[in-house]
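# Chains, contacts and geometry: an overview
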Amino acid sequence: MAKKDKNNMGKTKRSTDDLIDGAIAQQNDWLENRREYTRGFLKALDTFAKPSNKKENVSDATEQKNTRKEKNRRILKAYWFPITCALIVVLIAIWVMFIRGTTEPRVVVVPAIPEPVVQKVEEIKTPEFDIVRIEKDGGIVIAGRWLPHQNISIVSNGKVIATERTDWRGEFVYAPATAWKAGNYTIALLGTDPEVKSADKVFVYISEAGAKSSLSLLMTKDGSTVLQSPVVLQDGDLRVSKIDYLDNGRLVVTGDALPRLRVSMAMNGKYLGFARVSDHKHFGLGADIDELEPGKEYNLAVRLHDGDGKTVSAVMHRFVMPEMTGDDDTYYTVRRGDCLWVIARNFLRRGLLFSIIAERNNITDPDLIFPKQELQIPTDAK
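Rules used throughout
- Residues numbered from 1 in each chain as written.
- Predicted model: local features only at pLDDT ≥ 70, side-chain atom pairs only at ≥ 80, totals over all residues.
- Heavy atoms only, no water.
- Helix = DSSP H or I, 4+ residues; strand = E, 2+ residues; numbered from the N terminus.
- Contact = heavy atoms within 4.5 Å.
- Phe/Tyr/Trp six-rings, centres within 6.5 Å; stacked < 30°, edge-to-face > 60°.
- Buried < 20%, exposed > 50% of the residue type's maximum accessible area, 1.4 Å probe, protein only.
- Lys NZ or Arg CZ within 6 Å of the ring centre and 35° of its normal.
- Pairing = 2+ DSSP bridges.
- Salt bridge = Lys/Arg side-chain N within 4 Å of Asp/Glu carboxyl O.
- Patch = residues over 30% accessible without salt bridge, like charges linked within 9 Å, V, L, I, M, F, W, Y side chains within 5 Å.
- Areas by Shrake-Rupley, 256 points an atom, 1.4 Å probe, with all protein chains shown as cover.
- Core = buried A, V, L, I, M, F, W, Y, C linked by side-chain atoms within 4.5 Å.

## Topic: the side chain of His317
- Turning to its location among the elements, His317 is positioned in strand 18 (residues 311-320).
- Excluding residues that lie within four positions of it along the chain, His317 makes contacts with Leu233, Ile243, Tyr298, Asn299 and Leu300.

Encoded structure:
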């Protein structure tokens with residue numbers, strides 16, 4: 001029994017050692033596994049860490065590449081013009097050497113340059129008047145045109161008084177140094193080579209009162225046109241050239257005065273209105289008035305005012321409205337060269353009464369009458 005127990009006890013001791021050895025072996029295996037796992041993990045970590053370094057290297061390379069591109073861009077920006085010129089030169093050289101040499105030569109047609117055109121002066125068949133003006137000192141200025149570089153004579157009342165030479169434009173001017181005497185003149189033009197007479201004539205009336213009361217009238221086959229009208233009334237810087245009483249009961253006054261001042265008009269003390277003088281010194285003033293009674297005397301006052309409204313010049317015109325009965329009226333047939341002013345002076349002794357003849361014959365433009373036109377002239381007009 002005791003022996004059996006002893007053997008059993010020995011067996012138990014060996015089993016414990018085996019257990020301990022097994023446990024130690026398992027622990028070693030576990031540690032080895034841990035080591036292997038740790039090695040694998042560390043290896044994995046190392047493998048994972050390597051791509052990170054590669055990305056950093058790629059980033060550095062990209063940055064360097066961008067730096068180089070920026071540098072190249074700056075160089076191009078700084079030197080783009082010479083580079084472009086060089087490229088153009090190279091392309092032209094290539095075109096000349098290789099492309100142009102292989103093509104057939106082209107014929108370039110250059111448009112013909114026209115010959116310089118010398119502007120020709122328009123040829124005038126007959127001499128013509130441009131200006132006929134009576135000066136303040138009684139002198140006269142006559143200007144006109146005809147063929148270039150030709151002699152042209154001025155004919156007054158049928159006699160040649162001067163000969164002038166036209167310039168390259170065909171223009172001439174005649175201004176005698178001696179003033180003409182007061183009177184009537186009919187002026188024509190005569191071309192000497194070839195001998196050609198002007199189609200029109202100019203009637204000139206030079207008044208003893210000077211240029212302000214003188215008249216020049218262009219006479220054509222279609223009628224007459226006033227070139228210079230006489231001044232009816234004058235006081236200093238105020239000049240009245242025409243006074244018209246129209247059929248519609250309107251009184252019209254025209255004349256010259258200092259520019260931009262005011263001109264007023266009154267009839268028998270009744271104020272009729274005012275007008276401004278233009279920058280060219282002309283004014284026209286009209287007003288509707290009551291019908292003027294034949295045989296009654298009227299006083300017309302035209303005044304020039306300064307900037308403060310004070311009167312600086314004034315003209316007074318006193319007249320009697322003529323009676324037009326028709327019983328004693330005279331009839332006159334207009335001839336070539338006539339004008340209402342001359343007709344009124346011949347029949348009524350006053351050229352200023354031409355507006356009465358115009359009113360009686362319903363003539364809207366007193367400066368235009370026609371040959372063979374029959375006029376009724378009130379001989380009782382004063």
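Okay, back to it.
## A short note on the packing of aromatic side chains
- Counting across every chain of the model gives one aromatic pair.
- A ring pair is formed by Trp180 and Tyr185, whose centres lie 4.9 Å apart and whose planes are at 55 degrees; its orientation type is tilted.
- Judged by its relative accessible area of 14%, Trp180 is buried.
- With relative accessibility at 15%, the residue Tyr185 sits in the buried group.
- Looking at Arg262, its charged tip hangs above the ring of Phe274, at a distance of 5.2 Å from the centre.

## Concerning the pairing of strand 4 (residues 159-165)
- Examined bridge by bridge, strand 3 (residues 151-156) and strand 4 share six bridges and lie antiparallel to one another. Paired with Ile152 across the two strands is Glu164, which belongs to strand 4.
- Counting the residues between successive antiparallel strands, the hairpin from strand 3 to strand 4 contains two residues, one of them, Asn157, with a positive phi of roughly 55 degrees.

## Topic: the pattern of salt bridges
- Tallied over the full model, the rule gives seven salt bridges.
- When the shortest N-O distance is used, the salt bridge between Arg145 and Asp130 registers 3.1 Å. Of this pair, Arg145 sits in strand 2 (residues 140-145) while Asp130 sits in strand 1 (residues 128-134); the two residues are 15 residues apart in sequence, bridging distant segments of the chain.
- Its relative accessible area of 37% is what places Asp130 among the partly exposed residues.
- We classify Arg145 as partly exposed; its relative accessible area is 27%.
- Three or more residues are tied together by salt bridges with common partners; here these are Asp130, Arg145, Asp167, Arg169 and Glu171.

## Here's the deal with the environment of Asp200
- Its location among the elements puts Asp200 in the loop between strand 7 (195-197) and strand 8 (201-207).
- For the pair Asp200 and Thr220, spaced 20 residues apart in sequence, the C-alpha to C-alpha distance is 5.0 Å.
- Residue contacts for Asp200: discarding those within four places in its chain leaves Phe129, Leu218, Met219, Thr220 and Lys221.

## Some points on a nonpolar patch on the surface
- Judged by side-chain polarity, Ile88, Val90, Leu91, Ile92, Ile94, Trp95, Val96, Met97 and Phe98 come together as a nonpolar surface patch covering roughly 900 Å² of accessible area.
- Secondary-structure assignment places Ile94 in helix 2 (residues 80-99).

## Quick look at the nonpolar core
- Formed by 25 residues in total, the largest nonpolar core has its most connected members in Val253, Met265, Met267, Leu300 and Val302.
- In terms of residue count, the dominant contributor to this core is strand 17 (residues 297-305) (four residues).
- Once you skip the residues sitting within four places of it in the chain, Met265 turns out to touch Leu251, Val253, Lys270, Tyr271, Leu272, Gly273, Leu285, Gly286, Ala287, Leu300 and Ala301.
- Listed in part, the 21 residues of the second largest apolar core include Phe129, Ala162, Ile187 and Leu189.

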